[in-house]
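A closer look at the structure
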Amino acid sequence: MPDMSASASLAMTHLITLAEVDEDKVTPGVLGFIVFAVMAVAVWFLMRSMNRHMGRVDFKEAPDAEPEASGKGGPGSGRAEPQRG
């Protein structure tokens, strides 16, 4: 390489070392970024959909029927009694 100056030769040496890939170093690269971005957008859409559906839910409880006069706990009376027999 007699035609190249010393600085050009030094610059080419640095470019070559930057272009070398370390086989022990693992990086996600562009594909990893794309997968991460797609997953983030999917989670955002799912959260938005969940918020819409939760807004439509009616949490009002139906009024309870009048309690029975006999005092025994029937289904839904809110009173627990052991079974006999």
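A brief structural summary. (Residues numbered from 1 in each chain as written. Predicted model: local features only at pLDDT ≥ 70, side-chain atom pairs only at ≥ 80, totals over all residues. Heavy atoms only, no water.)

**Some points on the overall build of the chain**
Within the chain, the secondary structure is distributed over 2 helices and 0 strands. Approximately 8700 Å² of the chain is accessible, and the part contributed by carbon and sulfur atoms is 63%. (Helix = DSSP H or I, 4+ residues; strand = E, 2+ residues; numbered from the N terminus. Areas by Shrake-Rupley, 256 points an atom, 1.4 Å probe, with all protein chains shown as cover.)

**Observations concerning the packing of aromatic side chains**
Summed over all chains, the structure comprises 1 aromatic pair. When the ring of Trp44 is compared with that of Phe45, the centres are 5.0 Å apart and the planes differ by 70°; the resulting orientation is edge-to-face. (Phe/Tyr/Trp six-rings, centres within 6.5 Å; stacked < 30°, edge-to-face > 60°.)

**Some points on a nonpolar patch on the surface**
Together, Val43, Met47, Met50, Met54, Val57 and Phe59 give the surface a local cluster of nonpolar side chains, amounting to about 600 Å² of exposed area. Looking at the element boundaries, Met54 is found in helix H2 (residues 29–56). (Patch = residues over 30% accessible without salt bridge, like charges linked within 9 Å, V, L, I, M, F, W, Y side chains within 5 Å. Salt bridge = Lys/Arg side-chain N within 4 Å of Asp/Glu carboxyl O.)

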